[in-house]
Amino acid sequence: MIVSVLSILAVVVIFMWGITECLKPNANNRVLGVVLISVSLILLLPFSIEISVANMPSTAGNDGDWIGFWGSFLGSVIGVAGAAIFAYMNTNFQLKEQRKNDLINALEIEDIKNKSKLLSLNNEYVKDIIVLRKNIEGLGTNNVAHIAKIKKYIARDKMIKLNKKRTEYVVEVSVYVSCIGGEILHDFIETQDNITSEWGKFSNTNVKELNNSINKIISNDDTNFETVKETSELELKLNAVICNLKKIEDSIEDMNRKLTASIANKRKEVM
């Protein structure tokens with residue numbers, strides 16, 4: 001008798017525990033609650049059958065008939081309940097997986113957008129670098145007029161404008177670079193650090209040295225060469241500027257190739 005009472009009490013505790021879990025907002029808790037309630041009802045079945053058979057009138061059939069009836073009836077109920085619970089849990093799992101896949105796809109699409117924007121920014125920036133390099137390459141050093149054009153081309157107002165465009169590019173890039181992931185993020189940051197270093201050499205060192213060489217060659221009235229040696233030095237400084245710009249250009253184009261490959265791979269994953 002004591003064992004029966006304790007068993008029923010345990011079943012009631014499991015049932016109440018299931019009710020508590022069902023009232024929680026988390027889907028996993030609700031699934032656990034449904035399982036606990038189902039288990040408690042299944043455990044309660046033997047006691048229910050025993051009580052119903054014990055209190056059944058003698059004219060209603062013998063105990064074996066009623067036990068067979070209840071066994072068949074409750075077995076069907078358990079089967080249907082089990083199938084319903086399985087269907088619920090399976091559907092819930094599929095919905096969770098679908099939501100997870102949708103989230104992953106959304107993140108992948110966002111990553112593609114950010115990388116595409118970085119690619120666009122790089123393309124715009126490298127155009128300016130290429131134009132600058134080609135314009136400087138087109139400037140000769142064989143006469144005073146050509147050297148005067150070099151001096152005019154790298155005048156202070158033009159350098160201020162170029163540095164401003166460089167600053168704007170860095171600000172725009174920083175908005176998107178923190179949103180990309182994977183190994184390419186490390187590559188992009190490393191490339192940008194190298195570009196920043198090379199640009200610093202270009203604007204703060206190479207251009208100043210080129211200006212100093214020009215000032216040695218051209219007199220105050222911009223009409224006379226000083227020495228052949230100084231002209232050779234000018235060509236070296238001019239080449240240093242061109243090489244520096246080519247390094248920046250190559251770094252950006254290398255990063256663009258990596259971005260393009262990464263975008264293509266991401267699109268395959270999403271599709």
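Residues numbered from 1 in each chain as written. Predicted model: local features only at pLDDT ≥ 70, side-chain atom pairs only at ≥ 80, totals over all residues. Heavy atoms only, no water.

Re the overall build of the protein
And then number 1: Within the protein one finds 7 helices and 0 strands.
And then number 2: Listed by position from the N terminus, the elements making up the protein come as α-α-α-α-α-α-α.
And then number 3: Taken over 271 residues, the protein has a buried fraction of 31%.
And then number 4: Looking at the protein alone, contacts between residues at least 24 apart form 75% of all its contacts between residues at least 6 apart.
And then number 5: Summed over its atoms, the accessible surface of the protein is roughly 16,800 Å², and 62% of this surface lies on carbon and sulfur atoms. (Helix = DSSP H or I, 4+ residues; strand = E, 2+ residues; numbered from the N terminus. Buried < 20%, exposed > 50% of the residue type's maximum accessible area, 1.4 Å probe, protein only. Contact = heavy atoms within 4.5 Å. Areas by Shrake-Rupley, 256 points an atom, 1.4 Å probe, with all protein chains shown as cover.)

So, the confidence of the model for the protein
And then number 1: Within the protein, residue pLDDT values average 75, and 67% of them lie at 70 or more.
And then number 2: Of all secondary-structure elements in the protein, the lowest mean pLDDT belongs to helix 2 (residues 27–54), at 64, while helix 6 (residues 183–217) reaches the highest, 85. (pLDDT = per-residue confidence, 0-100.)

Points about the pattern of salt bridges
And then number 1: All chains considered together, the criterion is met by 11 salt bridges.
And then number 2: For K246, the salt bridge identified is with D250, shortest N-O distance 2.8 Å. Remark: D250 and K246 occur in helix 7 (residues 228–270); sequence separation between them is 4 residues, near one turn of the helix.
And then number 3: Within this structure, D187, D254, R257 and K258 form a network of salt bridges that share partners. (Salt bridge = Lys/Arg side-chain N within 4 Å of Asp/Glu carboxyl O.)

What about the packing of aromatic side chains?
And then number 1: Applying the stated criterion across every chain, the model contains 3 aromatic pairs.
And then number 2: Ring centres of Y125 and W199 lie 6.5 Å apart, and the angle between their planes is 55°; this geometry places the pair in the tilted category. Here the residue Y125 occupies a position in helix 3 (residues 63–137), and W199 occupies one in helix 6, the gap between them amounting to 74 residues. As far as burial versus exposure is concerned, Y125 and W199 are alike and both buried.
And then number 3: The interplanar angle of 45° and the centroid separation of 5.0 Å between the aromatic rings of W199 and F202 together place this pair among those described as tilted. Of this pair, W199 and F202 both sit in helix 6, 3 residues apart, which is roughly one turn of the helix. Residues W199 and F202 agree in their burial class; the two are buried. (Phe/Tyr/Trp six-rings, centres within 6.5 Å; stacked < 30°, edge-to-face > 60°.)

Looking at the packing of helix 5 (residues 156–177) against helix 6
To describe two helices that pack against each other, one gives the angle between their axes and the distance between the axes.
And then number 1: Closest axis-to-axis distance for the helix 5/helix 6 pair is 12 Å, and the angle between their directions is 170°. Classified by the angle their axes make, helix 5 and helix 6 are roughly antiparallel. Each of M159, L162, N163, R166, Y169, V173 and V177 in helix 5 lies in contact with helix 6, whose residues at this interface are L185, F188, I189, Q192, I195, T196, W199, F202, S203 and V207.
And then number 2: Class assignment of the residues belonging to the contact of helix 5 with helix 6 gives a composition of 12 nonpolar, 4 polar and 1 charged. (Axes fitted to C-alpha atoms, helices over the stretch in contact; angles between N-to-C directions. Parallel < 35°, antiparallel > 145°, perpendicular 65-115°, else oblique. Nonpolar A, V, L, I, M, F, W, Y, C, P; charged D, E, K, R; others polar.)

Details of the packing of helix 4 (residues 144–153) against helix 6
And then number 1: It is at 10 Å that the axes of helix 4 and helix 6 come closest, and there the two elements cross at 145°. Crossing angle aside, the handedness with which helix 4 passes helix 6 is left-handed. On helix 6, the residues that touch I147, I150 and K151 of helix 4 are L210, N211, I214, N215 and I217.
And then number 2: In terms of residue class, the contact of helix 4 with helix 6 is built from 5 nonpolar, 2 polar and 1 charged. (Left-handed = near helix turned anticlockwise from the far one by under 90°.)

Thoughts on the side chain of R133
And then number 1: Note on placement: R133 falls in helix 3.
And then number 2: Once residues within four sequence positions are removed from consideration, R133 is found in contact with I242, L245, K246 and E249.

Concerning the environment of K165
And then number 1: Inspection of the secondary structure assignment puts K165 in helix 5.
And then number 2: A relative accessible area of 35% places K165 in the partly exposed class.
And then number 3: In the structure, K165 is positioned 40 residues away from Y125 in sequence and 8.3 Å away in space, judged by C-alpha atoms.

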